[in-house]
Amino acid sequence: MKIRISNYNIAISSCLVIITYLLAVLSIQLIAPDVVISPDEFPDNCPTDSNNCAMIGPNPHRVNGLIELRFQSELSSVMSEANKWIESNPRSEIIGEWENQTHAVFRTLFLRFPDDFVIHGSCDNGESVLLVYSESRVGYSDLGVNPERVSDFSTFMSGIEMPTSDCS
């Protein structure tokens, strides 16, 4: 006995797969909408047991104890370089930008899960200081993506040559 698959069955199956995918992406966007994190809302820490958050800050989390990034340059130059790094990454979008903070969203390739990535800058003793917060909005674990993203950002910023000046 031969089983025949008609073009009609293939078309219906393909449509169902596409509709299921689109509904999954839409559901993720509905349960995790973009909410801009302003400078006065920059998080103080990640939850202590979090597997989907990474932070360079006074309470570092999943970043090998790194508490800040320091640069002997104007804060505007440092933030400009940080924004260039964000824009160079695929599926990234800046959704909030101030002179001392940038809030971006990175999305996964297939299901478009959103991860917040926030860079907060300030001046301290003539140096520009950056704190970084990265967290997945949905799920229990980020599979190591956020610590890796923060590490990549730190490595990039450490390799940039910026004009030397006091932060103001």
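Novice: Just to check I follow, could you spell out the nonpolar core for this structure?
Specialist: Looking at soluble globular proteins, one finds that nonpolar side chains tend to be buried together. Phe117, Ile119, Leu130, Phe153 and Met157 are the most contacted members of the largest nonpolar core, which totals 22 residues. Elements represented by at least two residues in this core include exactly strand E1 (53-56), strand E2 (69-71), helix H2 (75-88), strand E4 (101-107), strand E5 (114-124), strand E6 (127-136) and helix H3 (145-158). Broken down by element, the residue count for this core peaks at 6 residues, all from H2. Residue contacts for Phe117: discarding those within four places in its chain leaves Trp85, Ile86, Thr102, His103, Ala104, Phe106, Val132, Tyr133, Ser134, Arg149, Val150 and Phe153.

Novice: Mind showing me how you'd approach the state of the cysteines here?
Specialist: One way to say it: the disulfide is the covalent bond shared by the sulfur atoms of two cysteines. By the definition in use, this model includes 2 disulfides. Disulfide pairing places Cys46 opposite Cys53 at an S-S distance of 2.0 Å. The disulfide joining Cys46 to Cys53 has a torsion of about -60 degrees about its S-S bond and is therefore left-handed. Just as Cys46 is buried, Cys53 falls in that class too. Paired by a disulfide, Cys123 and Cys167 hold their sulfur atoms 1.8 Å apart. Judged by the torsion about the S-S bond (-60 degrees), the Cys123/Cys167 disulfide is left-handed. Of the two residues, Cys123 is situated in strand E5 and Cys167 in the segment after H3; the sequence distance between them amounts to 44 residues. Classification of Cys123 by relative accessible area gives partly exposed; the value is 36%. Counting only the cysteines that form disulfides, in the order they appear in the protein chain, gives the pairing 1-2, 3-4.

Rules of the game
- Residues numbered from 1 in each chain as written.
- Predicted model: local features only at pLDDT ≥ 70, side-chain atom pairs only at ≥ 80, totals over all residues.
- Heavy atoms only, no water.
- Core = buried A, V, L, I, M, F, W, Y, C linked by side-chain atoms within 4.5 Å.
- Buried < 20%, exposed > 50% of the residue type's maximum accessible area, 1.4 Å probe, protein only.
- Helix = DSSP H or I, 4+ residues; strand = E, 2+ residues; numbered from the N terminus.
- Contact = heavy atoms within 4.5 Å.
- Disulfide = S-S within 2.5 Å.

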